[in-house]
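The lines below spell out each chain.
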Amino acid sequence: LTELRKIFLFLLKHPDDEVIVEGYGDSNIINRHNKILSQSRANIVKDYFVKRGISNSRIETYWMGSEKPTGRNVSGEDKNKTDHVEVEVVSRSRE
């Protein structure tokens, strides 16, 4: 199973839980374009969940661009750390 599918199945079993999706961009790209890229990345993940029946109201998206870098973006490996999407499940049912 892919990581997204695992999260999707978890959300089906826990209907009170919510998801935070953060899209990140390349720190070598102009920030305006970076925001668009990170927004697109986050929305692709959000659409994946919504198209499979997870309510839009359970999903928060944030577009980080290069504002919150997670790597130095020098090597290919660092670039993979900056160009990505993070998904966090917020467990409301067990608080």
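Keep in mind it's a predicted model, so treat the numbers as computed, not measured.

Engineer: I'd love a proper account of the overall build of the chain, names of residues and values included.
Structural biologist: Secondary structure assignment for the chain yields three helices and three strands. Residues classed as buried in the chain amount to 33% of the 95 residues present. Of the contacts formed within the chain by residues at least 6 apart in sequence, a portion of 75% connects residues at least 24 apart. Of the roughly 6,000 Å² of accessible surface on the chain, a fraction of 52% belongs to carbon and sulfur atoms.

Engineer: Provide a residue-level description of the packing of aromatic side chains, including the pertinent values.
Structural biologist: Applying the stated criterion to the full structure yields one aromatic pair. With centroids separated by 5.7 Å and ring planes inclined at 80°, the aromatic side chains of Y48 and F49 adopt a geometry described as edge-to-face. The buried category is assigned to Y48, whose relative accessible area is 17%. Directly above the ring of Y48 sits R52, whose terminal nitrogen or CZ lies 3.7 Å from the centroid.

Thresholds, definitions, all that
- Residues numbered from 1 in each chain as written.
- Predicted model: local features only at pLDDT ≥ 70, side-chain atom pairs only at ≥ 80, totals over all residues.
- Heavy atoms only, no water.
- Helix = DSSP H or I, 4+ residues; strand = E, 2+ residues; numbered from the N terminus.
- Buried < 20%, exposed > 50% of the residue type's maximum accessible area, 1.4 Å probe, protein only.
- Contact = heavy atoms within 4.5 Å.
- Areas by Shrake-Rupley, 256 points an atom, 1.4 Å probe, with all protein chains shown as cover.
- Phe/Tyr/Trp six-rings, centres within 6.5 Å; stacked < 30°, edge-to-face > 60°.
- Lys NZ or Arg CZ within 6 Å of the ring centre and 35° of its normal.

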